[in-house]
Amino acid sequence: RIQARTQGKMGTELQMLLCIGGIYTSYLAYGLLQEGIYKFEDSSGRKFEFTLTMLAIQCLANMIGALVGQALIGSPPAKNLPASALIKPAVSFIGAMFCSNQALQYVSYPVQALGKSCKMVPVLAVQRLWFKKMYTLRDYLMVALVTVGIIVFRYKSKGGENSAFGLVLLFLSLCLDGVTGPYQENVKKNHGANGPQIMFYCNMWAFGLLAVAIAASGEYAESLPYLVNPGNTDLLVKIGMFSVMSAVGQNFIFLTLEKFDALILTTVTTTRKCFTVAVSVVYYGHELSATQYGGIALVVAGLGLELYGKYTKSQAQKTSTGEASKKAV
């Protein structure tokens, strides 16, 4: 029995290491590729600007990845899940993706990565002002640290590379991200859908919306010749790899949620964002001032405070559940 428990524990630890390694590897590569795509210039000096087309390719890869993930995760899919249930989260999901990627035309990648780490800011604002939800002093301190950190980092950026419009796009992306999660949770709760199902249908509807947008805007008339240009092969390879990393990363996130506590996923994704900024600075040679490093430190401190809050809340819930079980016995 002891040997069986030990083997089981080792198996769980290996699964955790696999999930953590998968999320870190896929999303660090995802970030580098994403930045490289928006830095690309063809022989005439024209930069890549076809976000809708790139997202359509990404959604196709995610759909294929969801089918593979369903086979690997092994949890049974919901049999009576109406595809229409995922329309709303698909709209918010693809809206957030569009704003986030489009922002890279107006802000540097470190600013984008730091900004995307601040999901709690719009959530707290909306919940407090609209729904009158109460928050602790720690929550307000976390928001203050992150907000000041972003302002300091952006204020000291060189050459005006971070425009106010880019920051507005990031804020819209955060707001839409905040809507997507509750929508998906609602589908999971009401219909029993698993991760790969949600991933597949969200990306299916998102792809349909993107196809309409590409046709209506006429983007395909410019994006397709740009992508198939023999001189732009490197870009096409980057978009393909970027889409594959997106699908792999999403599957590892759902696998982590399936096998472990949500707190583990929060820890991994939070620390991953910090490493993404560091890797981007080193790989692409961003020149940061001491003040900007201070801004990053404030954001990291804010994220650490958020993570600590979630950890203590999780521990308190476990303690109360354990006490309730003892009383029942």
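Just so it is clear, the structure is predicted and the values come from calculations on it, not from any experiment.

Asker: Quick one: what's the story with a nonpolar patch on the surface, residue by residue and with numbers?
Answerer: A contiguous nonpolar patch, built from Ile-64, Val-68 and Leu-72 and spanning about 330 Å² of accessible area, is present on the exposed surface. You can see Ile-64 is positioned in helix 2 (residues 51–73).

Asker: Requested: an account of the packing of aromatic side chains, with residues and values cited.
Answerer: Tallied over the full model, the rule gives 10 aromatic pairs. Where Phe-40 meets Tyr-226, the ring centres are 6.4 Å apart and the plane angle is 85 degrees; that geometry is what we call edge-to-face. Here Tyr-226 lies in helix 9 (residues 220–228) and Phe-40 lies in the loop between helix 1 (2–39) and helix 2, a separation of 186 residues in the sequence. Residue classification places Phe-40 among the buried positions, given a relative accessible area of 12%. The interplanar angle of 65 degrees and the centroid separation of 5.3 Å between the aromatic rings of Phe-50 and Tyr-226 together place this pair among those described as edge-to-face. With Phe-50 in the loop between helix 1 and helix 2 and Tyr-226 in helix 9, the pair connects residues that are 176 residues apart, well separated along the chain. Given a relative accessible area of 5%, Tyr-226 falls into the buried group. Through pairs of rings, three or more aromatic residues link up here, namely Tyr-38, Phe-40, Phe-48, Phe-50 and Tyr-226.

Scoring rules and cut-offs
- Residues numbered from 1 in each chain as written.
- Predicted model: local features only at pLDDT ≥ 70, side-chain atom pairs only at ≥ 80, totals over all residues.
- Heavy atoms only, no water.
- Patch = residues over 30% accessible without salt bridge, like charges linked within 9 Å, V, L, I, M, F, W, Y side chains within 5 Å.
- Areas by Shrake-Rupley, 256 points an atom, 1.4 Å probe, with all protein chains shown as cover.
- Salt bridge = Lys/Arg side-chain N within 4 Å of Asp/Glu carboxyl O.
- Helix = DSSP H or I, 4+ residues; strand = E, 2+ residues; numbered from the N terminus.
- Phe/Tyr/Trp six-rings, centres within 6.5 Å; stacked < 30°, edge-to-face > 60°.
- Buried < 20%, exposed > 50% of the residue type's maximum accessible area, 1.4 Å probe, protein only.

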